[in-house]
Amino acid sequence: MNQLSPGEFGDLDGSIRAATDAILRQQRPDGHWVYELEADATIPSEYVLLVHYLGEPADVELERKIGVYLRRIQADHGGWPLYHDGAFDISASVKAYFALKMIGDDIEAPHMKRARDAIRARGGAIRTNVFTRLQLALYGEVGWNIIPTMPPELILLPRWFPIHLSKMSYWARTVIVPLLVLAALRPRARNKRGIHVPELFVPGVPAAGARAPHQSAGWSAFFNMLDWGLKRFDPFWPKGLRARSIETCRQWVTQRLNGEDGLGAIYPAMANSVMMFDALGYAPDHPDRAIARKSVDALLVVKDDEAYCQPCFSPVWDTALVAHALLETKDAKAEAAAARSLEWLRPLQVLDVAGDWAEERPDVRPGGWAFQYRNDHYPDLDDTAVVVMAMDRAQKAGIAPGYDGAIARAAEWVDGMQSGNGGWGAFDADNAHYSLNNIPFADHGALLDPPTEDVSGRCVGMIAQLGGDPKRLADGIAYLRRTQMKDGSWFGRWGVNYIYGTWSALAGLNGAGLAADDLTMKRGADWLVAIQNPDGGWGENCDSYKLDYAGYEPAPSTASQTAWALMGLMAAGQVDHPSVTRGIQWLKQNQDEDGLWSQAHYTGGGFPRVFYLRYHGYPKFFPLWALARYRNLKQGNSRRVEFGL
């Protein structure tokens, strides 16, 4: 292995030290890190509309700041995209326009006129997705007849029934259950300002198509016939059964309310729970409604000039990943900070709540970590694997001993959550009932949580690092070999996209001991080399999730994706490859004066083709991690990457 020359690439140690010091300054007093998590215009717009739905006194200054934010992110095409520099999205645009009009923007102002013209040119507000039309129905903008029927009796169906909540993803359950109540009661927004948006509708244009692009003709025809029947039967539901169904939904939500962290700890579910309690007649000061409402406000990011609402918090994820980056630096101060962060993480392990995942795995003991501050019913495999690897890593290095019990319990849960095909989903096992994505209100195509390559790579790496069950490890490796694309890449469900998936898979397979000359590893590395940008970095657009994806399309380099590509290549044994040298140079050349990196592009995944995330921490800690790993490998601190990350 070639050693670093004294002056190679300038002061690499200086770059690492500057980034390390900057990140250490961002650590919270109790030991954790949490960075902003930004989505698109949808969430802040929905927040504005929620306040006026409830008829609450508006915070004029907060609304002014949200207005500044919404106007800033309006795109040149007149509407609002789902990610930076993205295409026009009609649902996000309708909500943003509605929110700005509610805030008080003149509809003849240039930005409003451009938005309105863009929306109408694409068929108008009637062409939005199901969940946007449902919100429009709550405001009386459209009739309920164009909303797919969601009877609350759904919650009473037996588990063997083809349509059942346990067959849906965690996020779908938490969003849908309070919606079942709203769809049954059909309340109307108080809307004290009397704001409506009739100008966004084009006469004669029908609602969005009965079948979304991802849905099959046969299944859609079946479910649309079912919806037709349910609409006609709706007036005849026995009143006792309807009341029992609504009460069961209420109980389901209340049991999972999750205190100040909110239902599911995600904005859509939290907002729906507030509206559900309101529709059921709960006063604003009722404990359940009040705590649910408080959880929504906690997500606000209020700055000097603008404000927006986050979809959720990411403290466990941020903290665990930062811990890995700091451990990679081999810096005593950084290692001490990582140790403090692991102590912060320790009590957040969920040991006494068998969440919704237990319906599929009733004999598995809980032992995972959630993504957010608290979300005990919904821990996830990705966070758990990353936390465990950090604890094990710190313990083996003598930095933070005493985690054997936590690691063992978490490993037991991860083992038990392996799906039948050898992979792992994010929150559930074997959640792959693909026919459900053809349900009319699944036009987003994100109703399920099947095994994915990125999460599976993490779990494979964890099991290998711990010296775990050889059979589970072999099944996980086989899953990753089987899911590798023809071009050598892997799909990235939770990060954009094939760069993220390829890093995740290569890291896990490296941890499992696959050599650089293994064909699977070589093909993955060759793909990363082939897509490197001329400037030395790597980039990939959210458009890579499109249904007709036919291969990588060039995109501007970003700090986070460059770091992932570098760590993927190093995991594949290519630390001396010229592409790695050029990538390291790109990171050094694009380091900001504060020692960190910045990027406007979204590289986090929420729901492919529907919802994307800008993790503000990603361009900060991932590049540090890549630089430190490169230095360590070049200096011979390790003959190969030691950890499955």
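Provided above is the structure to which this section pertains.
K.L.:
Sorry if this is basic, but what is going on with the packing of helix α16 (residues 453–466) against helix α18 (residues 498–511) here?
P.N.:
Each pair of packed helices can be summarised by the angle the axes make with each other and by the distance between the axes. Two elements in contact, α16 and α18, have axes whose closest approach is 7 Å; the angle formed by their N-to-C orientations is 20 degrees. The orientation of α16 with respect to α18, classified from their angle, is roughly parallel. Judged by the sense of rotation from one axis to the other, the crossing of α16 with α18 is left-handed. In this structure, α16 contributes Asp454, Gly457, Arg458, Val460, Gly461 and Ala464 to the contact, and α18 contributes Tyr500, Trp503, Ser504, Ala505, Gly508 and Gly511. When grouped by side-chain class, the residues that make up the contact of α16 with α18 number five nonpolar, five polar and two charged.

K.L.:
Is there a simple way to think about helix α22 (residues 618–634) in this case?
P.N.:
Spacing of three or four residues puts side chains on the same side of an α-helix, whose turn is 3.6 residues. A rise of 1.5 Å per residue sets the reference length of α22, with its 17 residues, at 24 Å; its end C-alpha atoms lie 24 Å apart and thus fit the reference within 8%. A large share of α22 lies buried, amounting to 17 of its 17 residues. Positive backbone phi, approximately 80 degrees, marks Gly636, located one or two places after α22.

K.L.:
How should the pattern of salt bridges be read in this particular structure?
P.N.:
Charged atoms that come close allow side chains of opposite charge to pair. On inspection of all chains with the given rule, the structure shows 41 salt bridges. A salt bridge links Asp234 to Arg242, with the nearest nitrogen and oxygen atoms 3.5 Å apart. The exposure class of Asp234 is partly exposed, given its relative accessible area of 25%. The class of Arg242 is buried, set by a relative accessible area of 14%. The salt bridge involving Arg346 is made with Glu343; its shortest N-O contact spans 2.6 Å. Residues joined in a network through salt bridges with shared partners are Arg159, Glu359, Glu360, Arg361 and Asp430.

K.L.:
Whenever I open this one, the sheet that holds strand β5 (residues 611–615) confuses me. Can you help?
P.N.:
Adjacent strands of a sheet form backbone hydrogen bonds with each other and so pair up, either parallel or antiparallel. If you walk across this open sheet you meet the three strands as β1-β5-β4, and the pairing is antiparallel. The strands lining the two open edges of the sheet, one partner per strand, are β1 (37–38) and β4 (604–607). With two bridges joining them, β1 and β5 adopt antiparallel strand pairing. Bridge pairing links Leu37 to Tyr615 in β5.

What counts and what doesn't
Residues numbered from 1 in each chain as written. Predicted model: local features only at pLDDT ≥ 70, side-chain atom pairs only at ≥ 80, totals over all residues. Heavy atoms only, no water. Axes fitted to C-alpha atoms, helices over the stretch in contact; angles between N-to-C directions. Helix = DSSP H or I, 4+ residues; strand = E, 2+ residues; numbered from the N terminus. Parallel < 35°, antiparallel > 145°, perpendicular 65-115°, else oblique. Left-handed = near helix turned anticlockwise from the far one by under 90°. Contact = heavy atoms within 4.5 Å. Nonpolar A, V, L, I, M, F, W, Y, C, P; charged D, E, K, R; others polar. Expected span 1.5 Å × (residues − 1). Buried < 20%, exposed > 50% of the residue type's maximum accessible area, 1.4 Å probe, protein only. Salt bridge = Lys/Arg side-chain N within 4 Å of Asp/Glu carboxyl O. Pairing = 2+ DSSP bridges.

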